[in-house]
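This is what each chain is made of:
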Amino acid sequence: NKSRAKSVKIPFIYPLIISNASKPYSHSLTLRDMIEPEEAKPLFDKLFTTPIHMIDLAAITDDEMREKLQEHVRAQALLLSLKHIYDDNLQALLENLLIYSLQALEKMGSGDDVADLLYYIYNEGNLTDPTKFLTFLHQRFSKDVEEKVMTLGQQATYKEQQEGLKKGIQEGILMTAKNMLAEG
């Protein structure tokens, strides 16, 4: 079961540059000094010395988000998906709320974006019945979107299979080497 992270802190970000130049690095090690053009340095200073901007999706009602983003369907679909990805009733939200933005997005000719969001929902969301999701996908979206979601899924499965195969080969080589060493 997937859930939101409990921490409200982000991990420490440690800037590190690894130079593999042919000569030793002889320039400044201060990040600000590396910013070009010079006019961008005040922006850098502002970005890293003032509070960050945050969109707190949990603090915005779905109705308010839909109303304010009705002219920005792509943003609406993305933000609603992000807001509800870990909800226990994600399938119901998909069928009753997200469907409108996703279908509008597809009608605008953004089938690739719809497929990406549906794939994200399928992979990361709390969907209790994957078969119900796939039936919903088949019934409510074009064949093109359905095929793209399935293709993304197949690519991910293929990648996982290749990684598993590679790991199996490495383990086999290691086991063979251990056996050879044990036999002398």
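These numbers come from a predicted model, not from an experiment.

Draft legend 1. Expanded view of the nonpolar core. With 28 residues, the main nonpolar core has Leu94, Leu102, Val114, Leu118, Ile121, Phe141 and Val145 as its most contacted residues. Contributions of two or more residues to this core are made by α3 (73-84), α4 (90-107), α5 (111-124), α6 (130-140) and α7 (143-183). Once residues lying within four places of it in the same chain are set aside, the contact partners of Val145 are Glu106, Gly111, Val114, Ala115, Leu118 and Leu137.

Draft legend 2. The arrangement of the confidence of the model for the protein in detail. In this model, the protein carries a mean pLDDT of 81, and residues with pLDDT of at least 70 account for 84%. The least confident element of the protein, judged by mean pLDDT, is α7 at 69; the most confident is helix α2 (residues 62-68) at 93.

Draft legend 3. Summary view of the packing of α5 against α6. Taken N-terminus to C-terminus, the directions of α5 and α6 make an angle of 170°; their axes are 11 Å apart at the nearest point. Judged by the angle between their axes, α5 and α6 are roughly antiparallel. Here Leu118, Ile121 and Tyr122 of α5 lie close against α6, whose contacting residues are Pro130, Phe133, Leu134 and Leu137. Per-class residue counts for the contact of α5 with α6 are seven nonpolar, no polar and no charged.

Draft legend 4. Structural detail: the packing of aromatic side chains. In total, this model carries two aromatic pairs according to the counting rule given. Geometrically, the ring pair formed by Phe136 and Phe141 is edge-to-face, given 5.9 Å between the ring centres and 80° between the ring planes. On the basis of relative accessibility, which here comes to 4%, the residue Phe136 falls in the buried class.

Draft legend 5. View of the environment of Asp116. Examined against the element boundaries, Asp116 turns out to sit in helix α5. In this structure, the C-alpha to C-alpha distance between Asp116 and Leu78, residues 38 residues apart in sequence, is 9.9 Å.

Calculation rules
Residues numbered from 1 in each chain as written. Predicted model: local features only at pLDDT ≥ 70, side-chain atom pairs only at ≥ 80, totals over all residues. Heavy atoms only, no water. Core = buried A, V, L, I, M, F, W, Y, C linked by side-chain atoms within 4.5 Å. Buried < 20%, exposed > 50% of the residue type's maximum accessible area, 1.4 Å probe, protein only. Helix = DSSP H or I, 4+ residues; strand = E, 2+ residues; numbered from the N terminus. Contact = heavy atoms within 4.5 Å. pLDDT = per-residue confidence, 0-100. Axes fitted to C-alpha atoms, helices over the stretch in contact; angles between N-to-C directions. Parallel < 35°, antiparallel > 145°, perpendicular 65-115°, else oblique. Nonpolar A, V, L, I, M, F, W, Y, C, P; charged D, E, K, R; others polar. Phe/Tyr/Trp six-rings, centres within 6.5 Å; stacked < 30°, edge-to-face > 60°.

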